[in-house]
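Coordinates in review
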Amino acid sequence: MTARTRRSVVEQSKGTGMSRIAYVNGTYRPHREASVHVEDRGYQFADGIYEVVLVCGGRLVDEEPHLDRMDRSLREMRIEPPMARAPLRLVLREVLRRNRLHDGLLYLQVTRGVARRDHPFPDAATPPALVVTAKRLALPDRETSEKGIGVITIPDIRWERCDIKTIALVPSVLGKQQAREAGAGEAWLVADDGTVTEGTSTNAWIVTGEGALVTRDTSQAILAGVTRARVLAIARMNGLEFEERPFTVEEAQSAREAFLTSATSFVKPVTRIDDRVIGNGRAGSFTLQLFDAYMDHARGAGT
Ligand code: PLP
């Protein structure tokens with residue numbers, strides 16, 4: 001057995017002894033057989049959008065806001081929805097079931113379909129292509145989370161429609177790799193005016209000296225995170241003060257606390273920004289309160 005086959009056997013058997021199953025344009029297939037056409041416009045032009053939905057205890061967390069955002073991304077890209085919401089919900093549940101997914105994520109991708117390569121849209125009869133995959137994920141434990149992660153800051157070199165969740169992710173790929181090579185967990189992207197827009201795949205937050213939560217207001221400069229909206233709702237419910245506004249790298253570096261959010265990062269404490277330690281170098285009390293409240297919500301006990 002080659003190292004590669006040995007690895008793929010191990011990957012297939014992780015957890016349940018089953019292989020992973022993907023939904024590809026109407027059929028459910030084992031991953032090794034799941035593929036799209038060479039002229040899929042996602043492959044050739046990154047002409048598509050995606051969503052990542054957290055699965056906690058076999059339940060989709062914030063499914064409707066994710067599907068709402070997916071519809072919005074499709075509208076902005078002028079791609080037809082591949083199917084109505086009710087059958088799509090059934091497909092998601094079937095992918096969960098076939099993968100026996102308890103904790104993890106569902107990845108949904110829609111592209112403008114398969115057509116002879118040409119930049120303008122293909123003719124209206126070309127159906128969009130839909131792929132859904134599942135991945136296992138360990139939920140974070142509080143003790144590890146308390147240590148926090150470091151982030152680096154790098155220029156935001158992305159385009160001017162970061163509100164659309166497109167699959168064109170090269171600046172994020174390069175940024176995340178740069179973070180990894182620097183021993184950090186994320187890169188925060190900095191606009192020309194010195195303000196932080198967001199992370200490569202997360203929204204950025206700080207807590208001011210006065211104890212107010214701050215995260216950038218939604219605009220075409222950032223993705224309106226579903227976790228961001230959920231954490232704001234939790235803050236509102238708990239009477240925490242918050243401000244939706246841009247903040248600079250300097251303000252973040254002298255903040256009392258910092259953290260980031262996303263469907264698969266949850267609420268993650270940030271304890272270093274470049275070479276500056278935040279607070280006492282451990283997760284702060286606001287962040288941990290939000291971490292607990294968000295995990296309660298994800299587990300189905302909360303809002
Ligand atoms: N910002 C960017 C650029 C992202 O890619 C993501 C998630 O992938 C987020 C923010 C967080 O969004 P959500 O909370 O919906 O996962």
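My aim in this report is to walk through the structure given alongside it, one point at a time. (Residues numbered from 1 in each chain as written. Predicted model: local features only at pLDDT ≥ 70, side-chain atom pairs only at ≥ 80, totals over all residues. Heavy atoms only, no water.)

**Overview of the site of the ligand**
This is how it is decided: If a single non-hydrogen atom of a residue is within 4 Å of a molecule or strand, that residue counts as near it. N or O atoms closer than or at 3.5 Å make up a polar contact, with two conditions inside protein: a donor-capable atom paired with an acceptor-capable one, and, for residues adjacent in sequence, both atoms drawn from side chains. Note that accessible areas follow from Shrake-Rupley with a 1.4 Å probe, and for residues the cover is restricted to the protein chains shown. Strands here mean DSSP runs of E at least two residues long; helices mean DSSP runs of H or I at least four residues long; both are numbered from the N terminus. Basically, the charged four are Asp, Glu, Lys and Arg, the nonpolar ten are Ala, Val, Leu, Ile, Met, Phe, Trp, Tyr, Cys and Pro, and anything else, Gly included, counts as polar. In this document the domain limits rely on a domain assignment from an automatic tool or a database.
Of all residues adjacent to the ligand, which total 18 residues, the nearest are Arg69, Lys165, Glu198, Val226 and Thr227. In this structure, Arg69 approaches the ligand through a side-chain N or O atom, which is 2.8 Å from an oxygen atom. Within the side chain of Glu198, a nitrogen or oxygen atom sits 2.7 Å from a nitrogen atom of the ligand. Contact with the protein chains covers 92% of the free accessible surface of the ligand, which is 390 Å². Secondary structure elements with two or more residues in the shell around the ligand: helix 3 (63–77), strand 9 (196–199), helix 7 (226–237) and strand 13 (257–262). Classifying every residue of the shell around the ligand gives four nonpolar, ten polar and four charged. Taken domain by domain, the makeup of the shell around the ligand includes at least three residues from each of domain 1 (17–136) and domain 2 (142–300).

**Structural notes on the pairing of strand 1 (residues 21–24)**
It is a general feature of regular strands that their side chains alternate between the two faces of the sheet. Quick reminder of the rule: Relative accessibility under 20% of the residue-type maximum defines a buried residue, over 50% an exposed one, and the middle range a partly exposed one, all with a 1.4 Å probe and only protein chains included. Think of it this way: DSSP has to see at least two bridges between two strands before they count as a pair.
A two-sided burial pattern is seen for strand 1, the buried positions comprising Ile21 and Tyr23 on one face and Ala22 and Val24 on the other. Taken together, the four bridges between strand 1 and strand 2 (residues 27–30) define a ladder with antiparallel strand orientation. What sits directly across from Ile21, in strand 2, is Pro30. Between the end of strand 1 and the start of strand 2, which pair antiparallel, lie two residues, with Asn25 showing a positive phi angle near 45 degrees. Note: strand 1 against strand 6 (residues 129–136), two bridges, orientation antiparallel. Along strand 6, the bridge assignment pairs Tyr23 with Val132.

**Observations regarding the pattern of salt bridges**
So the rule is basically this: In what follows, salt bridge is the name for a side-chain nitrogen of Lys or Arg lying within 4 Å of a carboxyl oxygen of Asp or Glu.
Under the criterion given, the structure shown has 23 salt bridges. Note that Arg142 is salt-bridged to Glu146, the shortest N-O span being 2.9 Å. Of the two residues, Arg142 and Glu146 both sit in helix 5 (residues 142–147), four residues apart, roughly one turn of that helix. Here the salt bridges do not stand alone but share partners, grouping Glu64, Asp68, Asp71, Arg85 and Arg89 into one network.

**Points about the environment of Val53**
How we decide: By the convention used here, residues are in contact when the closest approach between their heavy atoms is within 4.5 Å.
As for its position among the elements, Val53 is in strand 3 (residues 48–56). Counting along the chain gives 27 residues from Val53 to Glu80, while the straight-line C-alpha distance between them is 21 Å. In contact with Val53, not counting residues within four places along its chain, are Leu60, Val61, His66, Gly104, Leu105, Leu106 and Leu108.

**Quick notes on the packing of aromatic side chains**
To be explicit about the condition: By convention, a stacked pair of Phe, Tyr or Trp rings (six-membered ring in the case of Trp) has centres within 6.5 Å and planes under 30 degrees apart, an edge-to-face pair has planes over 60 apart, and any other such pair is tilted. Lysine NZ or arginine CZ positioned within 6 Å of the ring centre and within 35 degrees of the ring normal marks a charge as sitting over the ring.
Evaluated as defined, the whole model comprises four aromatic pairs. Consider the rings of Tyr23 and Tyr28, whose centres lie 5.2 Å apart with planes at 65 degrees: the pair is edge-to-face. Its relative accessible area of 26% is what places Tyr28 among the partly exposed residues. Just above the ring of Tyr28 sits the side chain of Arg98; from NZ or CZ to the centre is 4.2 Å. One residue, Arg112, lies across the ring of Phe121, its end atom 3.7 Å from the ring centre.

Purely geometric numbers; function is a separate question.
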